[in-house]
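# Chain and residue survey
Listed below are the residues making up each chain.
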Amino acid sequence: MNSLVVVGLLLVIMGLAYQSGWSRSRNLATPNGIRVHSRPQYHGTLVALWAIIPMLLILALWAYFGGDVIRAFTLAQLPADVAAQTGQDLQATLQRINALASGFGVAGDVQPYEQAAGEALRQFQFTTFLVVIAAAAGTGILALLYARSKITPRLRARNNVEFIIGLLLLACSGIAILTTVGIVASLVTEALRFFTFVNPLDFFFGTVWNPVFSSTEGGAQGQYGLLPLLAGTLMVSLIATLVAVPVGLMTAIYLSQYAPRKLRAIIKPIIEILAGIPTIVYGFFALVTVGPFLASAGDIIGLDIKAASALTAGLVMGIMIIPFISSLSDDILNQVPSSMRDGSYGLGATQSETIRRVLLPAALPGIVGAFLLAISRAIGETMIVVLAAGNSPVLRGTPLEPVSTITISIVNQLTGDTDFAGPQSLVAFALGLTLFVMTLILNVVALYIVRRFREQYE
Amino acid sequence: MTELSQSNTASRSLAAERARKVKAGLRRRHMTEKIFRGLGIAAIVAALGFVALLFTDVLSKGIPAFTQANLHLEVAYDPAIIKLTPAPVREVGQSDAGFEQANLKWRSSLVLLNWNKVLEVAMRKSAPADYDIDTRQLLTIPETNARHILRERYVEDPGLLGKTISIDLVASANVDNWVKGNIDRDLPDAQQQLGADARALTDFFAENGTLTKDFATGIFTNVDSRAAPASAGLAGAFMGSVYMMLVVIILAVPIGVASAIYLEEFAKKSRLTDIIEVNINNLAAVPSIVFGLLGAAVFINFFHLPISAPLVGGMVLTLMTLPTIIIATRAALQSVSPALRQAALGLGASRTQMVFHHVLPVTFPSILTATIIGVAQALGETAPLLLIGMNAFVASVPASPLDQATALPVQIFLWNGNENRNFFEARTSAAIMVLLGLMILLNAIAIFLRTRLERRA
C-alpha cells in the first residue's frame, strides 16, 4: 500500500515535470522564431530528472534510517523495565507492538502498556509517512520549478540529458565489477575470520573432515581438513570429463564433418536440450534411476557399487557437460582453415585420417581449453553431487563408494544459517574461496588458450 | 633381352607387390574410417539416448502423480457435535486490536470442537453397515487436514449447521499408494502402512464409488504441507519463482543491456574497459553456489535483508544472469552493420540518439532471446537459493516479494528429501514436469518471438 503511494507520487511528479519542461520549451520556440538548442522532449526529460533525483535521495535516506527512528520511538513508549530487556525478549515485545499497530491481533492477553504503545506507534508511523511523503514531494516540486526556470533557448538540454544517460550506463557496467569485488571481499573476509579459529595449514592439508555441530560440547570445534573434499571433487569431475569428453568430442566431429546439413539441424538442438535442463533434475535422475541401476548392475558383475557414489554423480554430471563440450569443440573445429583439410584430402588421406592427423592436432589447444572449462564447470556443480554423491567425507581411492565434495560441504555447513559466529558456518566461505580460486585459474587459463588459438588462425 | 625382361618382370612384380600392399592397406584404412564413423554415430546415439532416457524416466514417474485418490463424502454438520456461540460481531467503538482479540478467541474455541467426529460419522455412513473398524484406523484414510477443510467450510458459511452437504476430500498418501498399487499388496501387516481394516475399507470405497482417482488439481492450487503430504502442492513455490523471475527481469535486463551498450558503444578502449571485459567473462564461469555465498554474506548478513525472501533470491539470480545477458547483448550489438551507425551519425544524430533510436531497435530480437535464456537459466537454479534460506518450509502463498517463500527447483529438492518416498517420488517427478514445462514454454516463446520479430525487421 505505502509503496504503491510512493511509486504513484514519483510517477505523477515525473509526468508533471516532463510536461512542464516540454510546454515551456514549446512556448519559447513559437512566438518569434527563436532557435532553441534542444528539442522539447529533452527539456522535458531534463526537468523530470531534476525533479526525480532529490526525491529518490530523500526516500533512500528514509529507507535507510527509518527503521532505526521507528525503533527508537517505540522503545521510548515502553515502561523502563520493559525497555531494559535485551535480545530475543525485546525483539518479541517489539514485534507484538508492531502487530498491534498494524491492526493484527496478537496471541495471548494484551498488556495495557502494549496497547498504548501500539496506538502511539500507529499514530507515529502515519505521521512520519506523511511527513516523508510531503518532504519528498515538496523537494521534487521545488527542484521542478528551479529546473523549469533555467530553461532558455540556449540551454544545452540534450547534452545534459545524454551526459546523465552516459553516467547511468557507466554505473550499470560498474555493477559487474562490484559483483566481483563483493564476491572476493566477502569470501576473503569471512575466510580470514574462519582462519582465526582454525589454522590454515590444518585446513588445506588436513585429512579429516569432521565439523562438530553441537554447541553443547563447549570448545569442541571439530576438524576441517580440506583434502577428503578436494579428493571427492576431483574424482567426480574426472569421471564426468571421462564421460563427457569422448562423447562430446565425437558428437562434435560427426556433426561438423560427416553429418548432412539437415541431420545436423535436427540433432544439434536436441543435444543442447541437455544444457538447458536444471541441475536439480539431473540430481533427481541420478539418485532415483542411475544410482539403483548401477548398484544392481554392480551386483550382477560382482562389484559392490553404492547407489549414491562418486561414479553415479560423475556419470550424470558427464551427461550434463556433453553439450558444453560438443558445442565448444564444434566452434573450434569450424575455425581450422579449410585449406588444411583440403590439403590432406589432396594427398589421398581418408576423412578419418584427415580428422585425426590434421584437424585434431590443429585444434588441440582449443579443445584443451574446452576441456578445462568443462572441468571448471564440473568442480563448481552442486545439486547433482548433493543428491547423488552420498556425502561421506572420507579419503578413499575408489569411485564406487560415496564421497563428499567442496560444494556439498558448503551447502551442508551454511544452509539456513545466518549467524556466522563459529567455524561451523564460516568454513563455508573458506571452501567457497578455494572453489572460486580453482575455477578462476581454470577459466583464465582456458580462455587464454582459446584466445591464442583463435588468433593463430585469424 | 632376357635381362630386360627379367628386370621388367621384377619391376612388374614389385608394382604388383606395391599394389597389393596399397590395396591391403586401403582395406585397413577404410575399415578404420568405418570404425571412426561408427564411433561418431555411437556418440550421437548415446547423447540422444540420454535425452530420451531422462525424459521418459521423469514422465513415467511423474504422470501417475497427476491423478489422486479422492473421497466423496456426505458430511452432516450435526448441531449435537458442533456446539458453538455465534461469531463475534464488531461492536461500536471497539478497536481493531480488540475485535481481532475477540475473533481469535472465537476461532480457538472453534478449533477445540471435535471435527474428527463429524468426519468419522460421514465416513461410517459410506462404509457397510456396522463395519468393524476403530476410529484411529478409520481416520488414516482421509488426509490429516480433512477436519480443517470441514471447519473452514463451516467458518465460511455458518448456515451449514444442521445441514448435510457432499464434500470432496483428498485421501491420505498411504491410501493413494495402496489404490495405485505402489505398495505390494501381499506384504505382511507389519510392513503395511495402513491397517488391515483400513485397507479393506479402502477397497470397498473404491468399489462403491466413494473413492475415485481424479485429476490432482491440488498440485497446482495447494501450498506445501508436511502434516498432510497428499495435499502438498506447488502454488507457493510457483509464486516464489514468479516473484524471483520478475525481480530478475526488472533488474537484470535494464542493467545488463545498459552495461553492454556502454562497453560496446561508449567506452573508449582503455585499461578499465579491458578489466571490465575480462571480469565479465570470468563472472559468467563462476560456480552458481559462489553467488549464493555472496548473497548470504552481503545481502543477508551485511544489509540485513529478509531471509528466504524472493526479493533477495531474485537479486542473487540477477547477479548470476547479468554476465549472460551482457555477453549476448554485446554480440548482438557487434553484429549490427556499421553502415547503419554511419548513416545515423552522418544525418546529425548524436551518439546516444544513434544507439537508442537506430542500433538498439535492430538488435531487439537477439536481446529478447538472450533475456529469455537468462531467465530460464535463473528459473532452474537451486544451489544459491539454498544458502539464502529459500529452502525454508513455507506453508503459504507469498503475498509479496518480501514474504518468506521457496522456489520450484528448491521445492523439488525438498520433496525429494521427504521420507515418504513411495508417495513423494511421483510428486517430485510431477514437480519436475511442471518446471521443465515452464522452461520449454519460455524457450518456445523465445523462438516464436525471434522468428516473428526478425521477419518484421
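What you see is a predicted model, and the numbers here were worked out from it, not measured in a lab.

A word on the overall build of chain B. Along chain B, the regular secondary structure elements total 17 helices and three strands. Here the C-alpha atoms of chain B give a radius of gyration of 34 Å, more than 25% beyond the 23 Å that 2.2 N^0.38 yields for 457 residues. Along the three orthogonal principal directions, the C-alpha set of chain B runs to about 130 × 80 × 45 Å. Burial status across chain B gives 41% buried among its 457 residues. Taking the intrachain contacts of chain B between residues at least 6 apart in sequence as the baseline, contacts between residues at least 24 apart amount to 79%.

Let us look at the overall build of chain A. Check the secondary structure of chain A and you find 16 helices and two strands. By its C-alpha atoms, chain A is 85 × 75 × 40 Å across when sized along the principal axes. Counting across all 458 residues of chain A, residues that qualify as buried make up 40%.

Our focus in this paragraph is the interface of chain A and chain B. You'll often see interface size given as the accessible area lost when the parts meet. Between chain A and chain B, the residue contacts involve 76 residues of the former and 74 residues of the latter. A per-element tally of the side of chain A that touches chain B places helix 6 (residues 157-197) of chain A first, with 19 residues. In terms of residue class, the side of chain A that touches chain B is built from 45 nonpolar, 27 polar and four charged.

Residues and elements named next belong to chain A. Listed under "transmembrane region" (unreviewed entry) in the UniProt record, and renumbered for this structure, are residues 43-65, 126-147, 163-184, 229-253, 273-295, 307-325, 358-379 and 426-450. Annotated as 100% helix and 0% strand, the span residues 163-184 places its first and last C-alpha atoms 32 Å apart. Here residues 358-379 is 100% helix and 0% strand, with 32 Å between the C-alpha atoms at its ends.

With numbering aligned to this structure, UniProt lists the feature "domain: ABC transmembrane type-1" (unreviewed entry) at residues 238-446 of chain B. Its end C-alpha atoms 21 Å apart, residues 238-446 of chain B is made of 77% helix and 0% strand.

Residues and elements named next belong to chain B. With 15 residues, helix 11 (residues 288-302) should reach 21 Å at 1.5 Å per residue; the first-to-last C-alpha distance of 20 Å fits that figure. Along helix 11, the largest kink reaches about 30 degrees and is centred on G295. Within helix 11, 13 of the 15 residues are buried, which leaves the element mostly enclosed by the surrounding structure. Just beyond helix 11, the residue with positive phi is H304, at close to 55 degrees.

Maximum bend of helix 10 (residues 279-301) of chain A: about 40 degrees, positioned at A:A286. In the segment just after helix 10 of chain A, A:G302 is the residue with positive phi, at about 85 degrees.

Turning our eyes to something else, we now look at the domain arrangement of chain B. All names here are of chain B. When cut into domains, chain B gives domain 1 (2-63), domain 2 (66-224) and domain 3 (235-456). On a C-alpha basis, the centroid separation for the pair domain 1 and domain 3 is 47 Å. Facing the four residues of domain 1 at the interface are six residues of domain 3. Per-class residue counts for the side of domain 1 that touches domain 3 are two nonpolar, one polar and one charged.

Below, the discussion takes up the sheet that holds strand 2 (residues 164-170) of chain B. All names here are of chain B. Taking strand neighbours across the sheet as the criterion, the three strands line up as 2-1-3 in an open arrangement whose pairing is antiparallel. Edge positions in the sheet fall to strand 2 and strand 3 (211-215), since each of these pairs with one other strand and no more. Going from strand to strand, the sheet's axes swing by 40 degrees on average, the running direction of each strand aside. Direction of pairing for strand 1 (residues 67-76) relative to strand 2: antiparallel, over a ladder of seven bridges. Counted as the bridge partner of V75 is I165 from strand 2.

Residue and element names in this part refer to chain B. The residues that UniProt annotates with the feature "transmembrane region" (unreviewed entry) are residues 35-55, 242-263, 283-305, 311-333, 354-379 and 430-449. For residues 35-55, the helix share is 100%, the strand share is 0%, and the end-to-end C-alpha distance is 30 Å. For the annotated span residues 242-263, helix accounts for 100% and strand for 0% of the residues, and the straight-line distance between the end C-alpha atoms is 31 Å.

The phi torsion at A:N391 lies on the positive side, around 50 degrees, for a residue other than glycine. Counting through the fold element by element, A:N391 comes out in the loop between helix 14 (383-388) and helix 15 (406-414). On the basis of neighbour count, A:N391 is assigned to the partly exposed category, with 18 C-beta atoms found within 10 Å. Phi angles above zero are rare outside glycine, and B:H304 is one such case at about 55 degrees. Relative to the helices and strands, B:H304 is located in the loop between helix 11 and helix 12 (310-334).

Let's shift gears to the environment of B:K61. All names here are of chain B. As for its position among the elements, K61 is in helix 1 (residues 2-62). With 21 C-beta atoms packed within 10 Å, K61 lands in the buried category. K61 sits 354 residues away from W415 along the chain, and the two C-alpha atoms are 14 Å apart. Ignoring sequence-local partners within four residues, the contact set of K61 consists of E425, A426 and S429.

Core analysis: the largest hydrophobic core is formed by 214 residues, its most contacted members being A:V236, A:A286, A:A313, A:V316, A:I384, A:A388 and B:L293. For this core, the element with the most residues is helix 9 (residues 235-266) of chain B, which contributes 17 residues. Excluding its chain neighbours within four sequence positions, the residues that come into contact with A:A286 are A:G291, A:T312, A:A313, A:V316, A:I384, A:L387 and A:A388. Core analysis: the second largest hydrophobic core is formed by 18 residues, A:Y18, A:V47, A:W50 and A:A147 among them.

All names here are of chain A. Contact geometry for helix 8 (residues 227-258) and helix 13 (residues 351-380): axes closest at 10 Å, N-to-C directions at 140 degrees. Crossing of helix 8 over helix 13 shows right-handed handedness. Where helix 8 approaches helix 13, its residues T233, V236, S237, A240, T241, A244, V245, L249, I253 and Q257 are matched on the opposing element by Q351, I355, I367, F371, A374, I375, A378 and I379. Split by residue class, the contact of helix 8 with helix 13 holds 13 nonpolar, five polar and no charged.

Turning our eyes to something else, we now look at the packing of helix 9 of chain B against helix 16 (residues 408-416) of chain B. All names here are of chain B. At a minimum axis distance of 8 Å, the contact between helix 9 and helix 16 shows a crossing angle of 145 degrees. Counting all contacts with helix 9, which are made through A237, F238 and S241, the residues of helix 16 involved are L408, V410 and Q411. Counted by class, the contact of helix 9 with helix 16 contains four nonpolar, two polar and no charged residues.

Here strand 1 of chain B pairs with strand 3 of chain B via five bridges, running antiparallel. Its bridge partner being in strand 3 of chain B, B:L71 is matched across the sheet by B:L211.

The next subject is the domain arrangement of chain A. Domain annotation of chain A identifies domain 1 (2-155) and domain 2 (223-456). Taken over C-alpha atoms, the centre of domain 1 of chain A sits 51 Å from the centre of domain 2 of chain A.

Here the focus is the environment of B:Q137. All names here are of chain B. Its place among the elements puts Q137 in helix 4 (residues 135-138). In the structure, Q137 is positioned 103 residues away from G240 in sequence and 37 Å away in space, judged by C-alpha atoms. If near-sequence neighbours (up to four positions away) are discounted, Q137 is found in contact with G195, D197 and A198.

Looking at chain B, the pLDDT average stands at 86 and 98% of residues meet or exceed 70. Taken over the whole predicted complex, pTM reads 0.86, whereas the ipTM for its chain interfaces reads 0.87.

Conventions we followed
Residues numbered from 1 in each chain as written. Chains lettered and ligands numbered in written order. Predicted model: local features only at pLDDT ≥ 70, side-chain atom pairs only at ≥ 80, totals over all residues. Helix = DSSP H or I, 4+ residues; strand = E, 2+ residues; numbered from the N terminus. Rg over C-alpha atoms; globule rule 2.2 N^0.38 Å. Buried ≥ 20, exposed ≤ 12 C-beta atoms within 10 Å, placed from the backbone. Contact = placed C-beta atoms within 7 Å. Nonpolar A, V, L, I, M, F, W, Y, C, P; charged D, E, K, R; others polar. UniProt positions renumbered as here; feature names shortened; annotations may be inferred. Expected span 1.5 Å × (residues − 1). Bend = angle between axes of the 7 residues up to and from the residue. Domains from an automatic or database assignment. Pairing = 2+ DSSP bridges. Axes fitted to C-alpha atoms, helices over the stretch in contact; angles between N-to-C directions. Core = buried A, V, L, I, M, F, W, Y, C linked by C-beta atoms within 7 Å. Left-handed = near helix turned anticlockwise from the far one by under 90°. pLDDT = per-residue confidence, 0-100.

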